[in-house]
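A closer look at the structure
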Amino acid sequence: MKILHLDQNHEYLSSELEKLGFENHYDYISSKDEILEKIDGYVGIIIRSRIIIDDEIIKSANKLKFIARVGAGLENIDLVSAKKNNIQVLSAGEANSNAVGEHAIGMLLNLMNNIGVSNEEIKTNVWEREKNRGIELEKKIVGIIGFGKTGQSFAKKLSGFDCKVIFNDIKEIPSNEFANSVSLNDIKLKSDIISIHTDLNQSSFNLINIDFINSCEKNFILINTSRGKCVNSKDLITGLKNKKITGCCLDVLDIEDISFENIKKNNDFDFLKNSNNVILTPHIAGWTIESELKLSKVIIEKIKEL
């Protein structure tokens, strides 16, 4: 029972797979064409984001039983082909949802209280108090788009700030003690802060565009810790320039490459990184010391259940 690892993960994953009787093979550098030449015979593929597992790869893997993505989001797997070929697709979004929720809170508090800006100013001997007066989360309305594991984690963490949390999800997810289910239009009408927690799919691609921005009743803060392509950067910048968006916290950008390891630098990126009302981090919201192990543990448990 051979398994092909196409991305590096916590050593716990390989160790536990061996205990289950699997034979681990590793390839962190090969191209798709090179993978196609040797994929035949593997019962499992372990991936993160480096390679797209498309219909061609799936059809070439005649013994394949499962594809396990060590992370959240399955946009780099052809789910239709996998289902058609009776291949189980596993993911571990629940494993890093706490990390994403904490990161979103940290970015938001940083932005609203000018922590990063004032810290940099002090390093250059600038001591400005009035200019860096903060804004409190209390009594604000936070709209969450996508109420899966990470959206729910963010909502739970907001519960201690005495703000109102509403959410919209394409699935019929009921309200809970931390947030109330509303329509997407209600998110646009009521939110002071909008946070994106969706998978990347047909309905979420370019979800935050100029039409969405202009249809919001209030000027608002935008948070994106999901996928870069959920937000159109050019339209986002237009919203920042006309102050419809008062600030944003971006852990992901639509100019990231498929592996999330690099970005394509351009004028949009230059604008964002030079804006005092923009907080940027390099796709690390779910990338903690703890989540690295949690992700592998969740995947192992799901493989055991196959």
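Here goes a summary of the coordinates provided. (Residues numbered from 1 in each chain as written. Predicted model: local features only at pLDDT ≥ 70, side-chain atom pairs only at ≥ 80, totals over all residues. Heavy atoms only, no water.)

Time to look at a nonpolar patch on the surface. A cluster of nonpolar residues, Tyr 26, Tyr 28 and Ile 29, forms a patch on the protein surface that exposes about 350 Å² of accessible area. Mapped onto the elements, Tyr 26 comes out in strand β2 (residues 23-26). (Patch = residues over 30% accessible without salt bridge, like charges linked within 9 Å, V, L, I, M, F, W, Y side chains within 5 Å. Areas by Shrake-Rupley, 256 points an atom, 1.4 Å probe, with all protein chains shown as cover. Salt bridge = Lys/Arg side-chain N within 4 Å of Asp/Glu carboxyl O. Helix = DSSP H or I, 4+ residues; strand = E, 2+ residues; numbered from the N terminus.)

Enumeration according to the criterion identifies 15 salt bridges in this entry. Across the salt bridge formed by Lys 59 and Asp 55, the nearest N and O atoms sit 3.1 Å from each other. Separated by 4 residues within a single helix, Lys 59 and Asp 55 lie in helix α3 (residues 55-60), roughly one turn from each other. A relative accessible area of 27% means that Asp 55 is categorised as partly exposed. (Buried < 20%, exposed > 50% of the residue type's maximum accessible area, 1.4 Å probe, protein only.)

All right, on to the sheet that holds strand β12 (residues 278-280) then. Sheet strands pair via backbone hydrogen bonds, and the direction of the pair is either parallel or antiparallel. The strand order across the open sheet built from 7 strands is β8-β7-β6-β9-β10-β11-β12, with neighbouring strands paired in parallel fashion. Lying at the two open borders of the sheet, with one neighbouring strand each, are β8 (180-181) and β12. Examined bridge by bridge, strand β10 (residues 220-224) and strand β11 (residues 245-250) share 5 bridges and lie parallel to one another. Looking at β11, one finds that Ile 223 is bridged to Cys 249. Packing against the sheet, helix α5 (residues 97-112) makes contact with β9 (193-196), β10, β11 and β12, and its axis sits at approximately 140° to β11. Lying on the sheet, helix α10 (residues 233-241) is in contact with β10, β11 and β12; it crosses β11 at an angle near 140°. (Pairing = 2+ DSSP bridges. Contact = heavy atoms within 4.5 Å. Axes fitted to C-alpha atoms, helices over the stretch in contact; angles between N-to-C directions.)

Attention shifts here to the environment of Asp 254. The residue Asp 254 is located in the loop between β11 and α11 (267-273) in this model. A relative accessible area of 22% places Asp 254 in the partly exposed class. With near-sequence residues (within four places) excluded, Asp 254 lies in contact with Gly 228, Lys 229, Val 231, Asn 232 and Ser 233. Only 2.7 Å separates the side chain of Asp 254 from the side chain of Ser 233, close enough to count as a polar contact. (Polar contact = N/O pair within 3.5 Å; in protein donor to acceptor, adjacent residues only side chain to side chain.)

This part takes up the pairing of β10. With 5 of its 5 residues buried, β10 lies for the most part within the structure. The alternating pattern of β10 places Phe 220, Leu 222 and Asn 224 on one face and Ile 221 and Ile 223 on the opposite face, and all of these are buried. Both β9 and β10 contribute to a ladder of 4 bridges, which runs parallel. Paired with Ile 193 across the bridge in β10 is Ile 221. You can see the chain leave β9, run along helix α9 (residues 210-215) and come back into β10, and the turn it takes is right-handed. (Right-handed = clockwise from strand over helix to strand, strands pointing away.)

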